[in-house]
Amino acid sequence: MRLDKYLCDLGIGTRSAVKEIIKKKRISVNENIVTDPSIHVDSNDRVKLDGNLLKYQEYRYYMLNKPSGVITATEDKCSQTVLDLLSGENVKDLFPVGRLDKDTEGLLLITNDGNLAHDLLSPKKHVDKCYYVELEKPITKDAINALGNGVDIGDDTCTLPATISAVSPTSVYITITEGRYHQIKRMFHAVGNHVTYLKRISMGSLTLDDDLPLGNYRPLYDDEILMLQMRSSR
Ligand code: URA
C-alpha cells in the first residue's frame, strides 16, 4: 500500500495532511527518513512518526458523546453530522453503529468494522442498550409493569420486555434489547407519558465514559474493543 494511504488509514490525517508530514521528514520507514509519499509499505515495515512506531490497525473504533442537534449520518447537506465531530480523524470508511435521534445525546460507537456493527445491530443478538430518560409526568407503577412486559407501539409485535429503574418520579434508566425506530419515545408514549430528554448510556459491554464531554470523542481502549468483539461473536 502507498505510504500516504497507509498513514491516512491509521488516522494520522487526510491525504494532503500526511503528504505535508512526509515532506517535513517526520516519517521514517525501517529507520530511513522518507520524503516520497508514493513508496509502498506493508505490515512488516517499521513506520515511525517523529520517532514513534505506528501500529497498523485495519479497524478503528471511537466512542462519541453525541450532543443534541447533530444527526446520526455520515453526510448531510444541511445539518452537522456525527462524523463532523471527529474533526482530527480521517473519517473515510467510518460510520456510526446504529442511530440516535437528532435530539438524543450520549453513547455512539463509530467504526469501520462492518462485521462488528452488523453483530451489534442484529435483532437476533438482543444486545442491551441502556438509556437515561427524563419524562414529562411522573412514572406510574402500571407504566413500569407494562414496559417491563412489553408494550404495543404500533408495530406488528409488542416490544420485548424492558428493565426499568426509577431515579426520580420523572427520570428512569431503561434497558431494551431491540433497536426499533424511535423505540424509547414510542414506548413511553404507549404508556401515556412523553420523553423530554434522552441519553444513551451503554450498548452491549460498552459504557459511555463519564469523563467524555458532550460533543467529544476518543478511541476505544483495547479492552473495550475486545469485550465488544467477544460478546458480538456469541
Ligand atoms: N429510542 C428513541 O426514541 N430515540 C433514540 O434516539 C434512541 C432510542
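Our subject is the structure that appears above.
This one's a predicted model, so the numbers in the text were calculated from it and none came from an experiment.

Describe a nonpolar patch on the surface, with residues and values.
On the surface, Leu226, Met227 and Met230 cluster together into a nonpolar patch covering about 280 Å² of accessible area. Position of Met227 among the secondary structure elements: in helix H6 (residues 222–232). According to the relative accessible area criterion, Met227 is partly exposed, its value standing at 34%.

Describe in detail the site of the ligand, supporting the description with residues and values.
Around the ligand, the surrounding shell consists of Leu100, Asp101, Thr104, Tyr131, His182, Gln183, Ile184, Lys185 and Leu198. Contact between the ligand and Asp101: a nitrogen atom at 2.7 Å from a side-chain N or O atom of the residue. Backbone polar atom of Ile184 to a nitrogen atom of the ligand: 3.1 Å apart, as the coordinates give it. Within the complex, the protein chains bury 96% of what would otherwise be the 240 Å² of accessible surface of the ligand. Along the lines of polarity and charge, the residues of the shell around the ligand split into 4 nonpolar, 3 polar and 2 charged. Among the domains, domain 2 (61–122 + 213–232) and domain 3 (129–203) are the pair contributing at least three residues each to the shell around the ligand.

I'd like a description of helix H3 (residues 114–121), backed by residues and values.
Residue pairs spaced three or four apart in an α-helix point in one direction, given the helix's 3.6 residues per turn. Within the span of H3, buried status applies to Leu116, Ala117, Asp119 and Leu120. Down the axis of H3, the sector holding all buried residues measures 165°, keeping them to one side. Counted as exposed and oriented over 90 degrees from the buried face of H3: Asn115 and His118. The N-capping residue of H3, defined by a side-chain oxygen 3.2 Å from the backbone nitrogen of Asn115, is Asp113.

Hey, could you go over the pairing of strand S8 (residues 129–135) for me, with residue numbers and the actual values?
Most of S8 sits inside the fold, with 6 of its 7 residues counted as buried. Here S8 pairs with strand S10 (residues 171–176) via 6 bridges, running antiparallel. Directly across from Tyr131, in S10, lies its bridge partner Ile174. Pairing geometry for S8 and strand S11 (residues 195–203), over 7 bridges, is antiparallel. Looking across to S11, one finds that Lys129 is bridged to Met203.

Account for unusual backbone geometry, naming residues and giving values.
Its identity as a non-glycine residue notwithstanding, Lys25 has a phi of 60°, on the positive side. Judged by its relative accessible area of 54%, Lys25 is exposed. Despite not being glycine, His182 has its phi angle at roughly 50°, a positive value. You can see His182 is positioned in the loop between S10 and helix H5 (183–190).

For the packing of aromatic side chains, give the residues involved together with the corresponding values.
All chains considered together, the criterion is met by 4 aromatic pairs. The interplanar angle of 65° and the centroid separation of 6.1 Å between the aromatic rings of Tyr132 and Tyr197 together place this pair among those described as edge-to-face. Highlighted residues: Tyr132 in strand S8 and Tyr197 in strand S11, separated in sequence by 65 residues. Within the aromatic cluster, the residues linked to one another by ring pairs are Tyr132, Tyr173 and Tyr197. The ring of Tyr221 has Arg218 sitting right over it, with the charged end atom 3.9 Å from the ring centre.

The rules behind the values
Residues numbered from 1 in each chain as written. Predicted model: local features only at pLDDT ≥ 70, side-chain atom pairs only at ≥ 80, totals over all residues. Heavy atoms only, no water. Patch = residues over 30% accessible without salt bridge, like charges linked within 9 Å, V, L, I, M, F, W, Y side chains within 5 Å. Areas by Shrake-Rupley, 256 points an atom, 1.4 Å probe, with all protein chains shown as cover. Salt bridge = Lys/Arg side-chain N within 4 Å of Asp/Glu carboxyl O. Helix = DSSP H or I, 4+ residues; strand = E, 2+ residues; numbered from the N terminus. Buried < 20%, exposed > 50% of the residue type's maximum accessible area, 1.4 Å probe, protein only. Near = heavy atom within 4 Å. Polar contact = N/O pair within 3.5 Å; in protein donor to acceptor, adjacent residues only side chain to side chain. Nonpolar A, V, L, I, M, F, W, Y, C, P; charged D, E, K, R; others polar. Domains from an automatic or database assignment. Arc of directions from axis to C-beta. Pairing = 2+ DSSP bridges. Phe/Tyr/Trp six-rings, centres within 6.5 Å; stacked < 30°, edge-to-face > 60°. Lys NZ or Arg CZ within 6 Å of the ring centre and 35° of its normal.

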